[in-house]
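Okay, here's what each chain looks like letter by letter:
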Amino acid sequence: MFITEPEREEGHFSTRSVHAGEPKEKPFGSLTMPIVQTSTYHFEDTAALIEHMERKEAGLEPLRGEYGRYGNPTQEVVERKLAALDGGERALVFASGMAAVTTTLLTFLSAGDHFVLTEDCYRKTRQFSLEVMSRLGVTCSIVPQGDYAKMEEAMRPETRLVVGETPTNPYLRVIDIPRVVEIARRHGALTLIDATFGTPYNIRPLEYGADLVVHSATKYLGGHNDLLAGAVIGRAELIARIREMQGMLGGVAAPNTLYLLLRGLKTLGLRMARHNENGQRVAEFLERHPAVCRVWYPGLPSHPDHEVAARLMSGFGGVVSFELKTDLQGTAAFIDALKLPYMGPSLGGVESIVEQPALMSHFTLDEAEREALGIRGELVRYALGIEDTQDLIADLAQALERVPVKAHTLAEDGRP
Ligand SMILES: Cc1ncc(COP(=O)(O)O)c(C=O)c1O
């Protein structure tokens, strides 16, 4: 522990995102938290070393640094800030969202254990769960998004964890966290929610009883498409166990990255308000457009989880998915005609990013495999940045003019 000042909890979201976790007095009178670019920390004398080691041995938090893999001052400020924003006792930051997910799974699951994962989850989380955890003797059941009867059926005496995501990619499904927590608790399992698409501005799973919340901080938390990081937040005893595992696996973020993340977090509320506004207004515009077949956005009453989203979330984020009344080629021509967004993976930064999942995240699958996952050639995922709404809509309108509209069948109900 580098920072001994008590947490400043007071204030609303942006007041906390600016001030929480920050000691008022920083080294050299600096207003911002400096980057401490060191891999190792030295001890003044042997007495200081022994005091440090004795604290560690007694399971107490160290009062100083020892080695970069066990934390650094900027990391600690980010962690205190994230805990304050998500309403958890402690947070732990990682080198990437996947480091946060994999380290957490490896902390709580051992040979013979079982866990439940919701279907519409991040594909690398799914791949790790199916390909790597199984090698360690841990079994995993994948249950359809929003089917709580199937979730109940999947629970076993050896189920230790239920892992969900909210909202999901690309269909922005919103999981009913209180319902999942009720099922998990009744079976003695922990609930872990990946709220990367939600962010603590829009949804705080711990307030609904989840035990742990995980984020790819690469996305909205960092917010500028310039870093990779991850985080997990929850009760102190759970985070202490994950921290121990991180100390062994080593997926720690570098001091420079942590500084960028700290800087990004201070404007999270401002950015999310604009992302939410852009998401809602663009989704409404698209839903009215004659070249658009269907729009998925939790803020639209037509979304299958609108009721759950309205109950649990205070905003619905900047990602909008939609299908055009054309085919894969027509959709590619539409994307090429867009002038504002970059074409690429990822989301949550100030710059808008667009992708055609059939040609990006699902490129290696053939058409039948893609369709089985509900990914049509004409699906677009648009991660809106913080540009002005009217410019984003004008750009979409001119690109939609070029869509060669074809007869198009609506996806059947029940499709993810
Ligand atoms: C929902 C979700 N979880 C986890 C991750 C992994 O995060 P990272 O890319 O920071 O490792 C991503 C990345 O796209 C994601 O979208």
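If you're wondering where the values come from, they're calculated on a predicted model, not measured in any experiment.

(A) Summary view of the pairing of strand S7 (residues 230–234). Counting buried residues in S7 gives 5 out of 5 residues, a clear majority hidden from the surface. Of the two faces of S7, the one carrying Gly 230, Val 232 and Gly 234 and the one carrying Ala 231 and Ile 233 are both buried. The sheet contact formed by strand S1 (residues 90–94) and S7 spans 5 bridges and is antiparallel. Across the sheet, Phe 94 pairs through a bridge with Gly 230, a residue of S7. Across 5 bridges, the pairing between strand S6 (residues 212–216) and S7 is antiparallel. Looking at S7, one finds that Ser 216 is bridged to Gly 230.

(B) Seen up close, the sheet that holds strand S8 (residues 292–296). Reading across from one edge, S8-S9-S12-S11-S10 is the order of the 5 strands in this open sheet, with mixed pairing throughout. Where the open sheet ends on each side, the last strands, each with one partner, are S8 and strand S10 (342–343). Both strand S11 (residues 353–355) and strand S12 (residues 379–383) contribute to a ladder of 3 bridges, which runs antiparallel. The partner of Val 354 across the bridge, within S12, is Tyr 382. The sheet strands contacting helix H11 (residues 268–288) are S8 and strand S9 (319–324), and the helix crosses S9 at an angle near 10 degrees. Helix-sheet contacts for helix H13 (residues 328–337) involve S9, S10, S11 and S12, and the interaxial angle to S9 is about 135 degrees.

(C) Representation of the site of the ligand within the structure. Surveying the vicinity of the ligand reveals 13 residues, the closest of which are Ser 96, Gly 97, Met 98, Ser 216 and Thr 218. Along the lines of polarity and charge, the residues of the shell around the ligand split into 4 nonpolar, 7 polar and 2 charged.

(D) Structural view of the sheet that holds strand S5 (residues 190–194). Pairing is mixed across the open sheet formed by 7 strands, whose spatial order is S1-S7-S6-S5-S4-S2-S3. With one partner strand each, in any of the chains shown, S1 and strand S3 (139–143) form the two edges of the open sheet. In this sheet, adjacent strand axes meet at a mean angle of 20 degrees when their direction is disregarded. Note that strand S2 (residues 114–118) and S3 share 5 bridges and pair parallel. Directly across from Leu 117, in S3, lies its bridge partner Ile 142. Against the sheet, helix H9 (residues 236–249) touches S1, S6 and S7, its axis set at about 25 degrees to S1.

(E) Helix H3 (residues 73–86), seen in detail. Over its 14 residues, H3 extends 20 Å from the first C-alpha to the last, a length consistent with the 20 Å expected when each residue adds 1.5 Å. Gly 87 occupies a position one or two residues after H3 and carries a positive phi of about 75 degrees.

(F) Broad picture of the environment of Ala 48. With respect to the helices and strands, the residue Ala 48 is situated in helix H2 (residues 46–57). Note: C-alpha distance between Ala 48 and Arg 64 (16 residues apart in sequence) is 9.9 Å.

(G) Just helix H15 (residues 389–400), in detail. Under the 1.5 Å per step criterion, the end-to-end length of H15 is 16 Å for 12 residues, consistent within 8% with the ideal 16 Å. When H15 is considered as a whole, its buried residues turn out to be Leu 392, Leu 396 and Ala 399. Around the axis of H15, the buried residues are gathered within 65 degrees of arc, so they sit on the same side. Residues of H15 that are exposed and point over 90 degrees away from its buried face: Gln 390, Asp 391, Ala 397 and Gln 398. For H15, the elements touching its buried residues are H11 and H13.

(H) View of the domain arrangement of the chain. According to the domain assignment, the chain consists of domain 1 (13–36 + 72–265) and domain 2 (268–400). Domain 1 puts 28 residues into the contact, and the matching count from domain 2 is 31 residues. At the level of elements, helix H1 (13–19) and helix H8 (199–202) are the ones that each hand at least two residues to the side of domain 1 that touches domain 2. The class makeup of the residues in the side of domain 1 that touches domain 2 is 14 nonpolar, 10 polar and 4 charged.

(I) Representation of the packing of H11 against H15 in the model. Here H11 crosses H15 at 30 degrees, and the two axes come no closer than 10 Å. Between H11 and H15, the crossing angle belongs to the class labelled roughly parallel. Once H11 is placed against H15, the crossing between them reads as right-handed. Of the residues in H15, those in contact with Glu 277, Asn 278, Arg 281, Val 282 and Phe 285 of H11 are Thr 389, Leu 392, Ile 393 and Leu 396. Of the residues assigned to the contact of H11 with H15, the class counts are 5 nonpolar, 2 polar and 2 charged.

Parameters at a glance
Residues numbered from 1 in each chain as written. Predicted model: local features only at pLDDT ≥ 70, side-chain atom pairs only at ≥ 80, totals over all residues. Buried ≥ 20, exposed ≤ 12 C-beta atoms within 10 Å, placed from the backbone. Helix = DSSP H or I, 4+ residues; strand = E, 2+ residues; numbered from the N terminus. Pairing = 2+ DSSP bridges. Contact = placed C-beta atoms within 7 Å. Axes fitted to C-alpha atoms, helices over the stretch in contact; angles between N-to-C directions. Near = placed C-beta within 6 Å. Nonpolar A, V, L, I, M, F, W, Y, C, P; charged D, E, K, R; others polar. Expected span 1.5 Å × (residues − 1). Arc of directions from axis to C-beta. Domains from an automatic or database assignment. Parallel < 35°, antiparallel > 145°, perpendicular 65-115°, else oblique. Left-handed = near helix turned anticlockwise from the far one by under 90°.

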